[in-house]
Amino acid sequence: MILFFVSSCHQDTNLVMTQTYFDTGKTKIKSEGTIDKVTQLKEGIWKTYNRKGELASEGFYNNDQQTGTWKYFHPSSKVKSKGELLDGKKEKIWEHFYDDGNLSFTANYVNDQQDGKCQAFYRNGRLSTESFYKNGKLNGAHITFNSRNADTTLYLTYVEDKRIGLFKKYHEGKPYIVGFWKPEVGFVGKVSHYRNDKLIKIEYKDNNGKTISTELTPKSSF
């Protein structure tokens, strides 16, 4: 990649406008914004472009660090993602979008790590997954949903990025398999199997995931 720099005066006497280029002919701008003419650090509004000249991102710099609201764009010029940065790190709510403008993903950040609720969406706007993070790791429920309706398809729990605890798999919105999941082992203890919302089988497994016994319970309820 070839970069060329061009500077010009700016209305703020402490700042000068700067551009970088992809090509030697200086016809394809890579980025443009203002720098402090003494420190040579980026300050104020900056924009970047792709090789086709389409806007790729825009936001603010403070002391050479991305700060404040930043936006990133699809080639169609529609927003691809947007959110807050502090010293180059993601903070608060970030939103991501499909190229048609519909929301695809949203998450809360603290010090550049996901923290709190995170949601992903299908292109049709329906919720796809909902998860909870702490310090950048999955902690709590992770739920997936059907793209055709609001039915839950899977419910898992995580601790420090490891799947552990309650596990529920659904079919057409109704429980299908319910049990306790142990990391690197799988199901342990009692595992219940359902058909058409009725309990049909219970498995009992040891701590290594080996089946100890099985009960068929066509008339039982969980």
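Keep in mind that this is a model prediction, so the values were computed, not measured.

(A) Looking closely at the pairing of strand E13 (residues 152-159). Where strand E12 (residues 137-145) meets E13, six bridges bridge the pair, whose relative direction is antiparallel. Residue pairing for E13: Phe145 is matched across the bridge by Thr152. In textbook terms, the turn of a hairpin is the stretch between consecutive antiparallel strands, and for E12 and E13 this stretch comprises six residues. The pairing of E13 with strand E15 (residues 165-171) spans two bridges and is antiparallel. Residue Tyr155 lies in a different strand from E15, and its bridge partner there is Lys168. With two bridges joining them, E13 and strand E14 (residues 162-163) adopt antiparallel strand pairing. Across the sheet, residue Tyr158 finds its bridge partner in E14, namely Arg163.

(B) Just the confidence of the model for the protein, in detail. Of all residues in the protein, 92% have pLDDT values of 70 or greater, and the mean over the chain is 92. Note that pLDDT drops below 50 for residues 1-6; the model gives that stretch 23 contacts with residues more than four away or on any other chain.

(C) Molecular detail of the pattern of salt bridges. Evaluated as defined, the whole model comprises three salt bridges. A salt bridge links Arg123 to Asp99; its shortest N-O distance comes to 3.3 Å. With Arg123 in the loop between strand E10 (113-121) and strand E11 (127-134) and Asp99 in the loop between strand E8 (89-97) and strand E9 (103-110), the pair connects residues that are 24 residues apart, well separated along the chain. With relative accessibility at 45%, the residue Arg123 sits in the partly exposed group. Taking the shortest distance from any N to any O, the salt bridge between Glu203 and Lys205 comes out at 3.8 Å. For Lys205, a relative accessible area of 16% gives the class buried.

(D) Inspection of the environment of Phe121 at higher detail. The topology assignment puts Phe121 in strand E10. Between the C-alpha atoms of Phe121 and Thr24, which are 97 residues apart in sequence, the distance is 43 Å. Discounting residues that sit within four places of it in the chain, Phe121 has contacts with Tyr98, Leu103, Ser104, Phe105, Thr106, Arg126, Leu127 and Ser128.

Calculation rules
Residues numbered from 1 in each chain as written. Predicted model: local features only at pLDDT ≥ 70, side-chain atom pairs only at ≥ 80, totals over all residues. Heavy atoms only, no water. Pairing = 2+ DSSP bridges. Helix = DSSP H or I, 4+ residues; strand = E, 2+ residues; numbered from the N terminus. pLDDT = per-residue confidence, 0-100. Contact = heavy atoms within 4.5 Å. Salt bridge = Lys/Arg side-chain N within 4 Å of Asp/Glu carboxyl O. Buried < 20%, exposed > 50% of the residue type's maximum accessible area, 1.4 Å probe, protein only.

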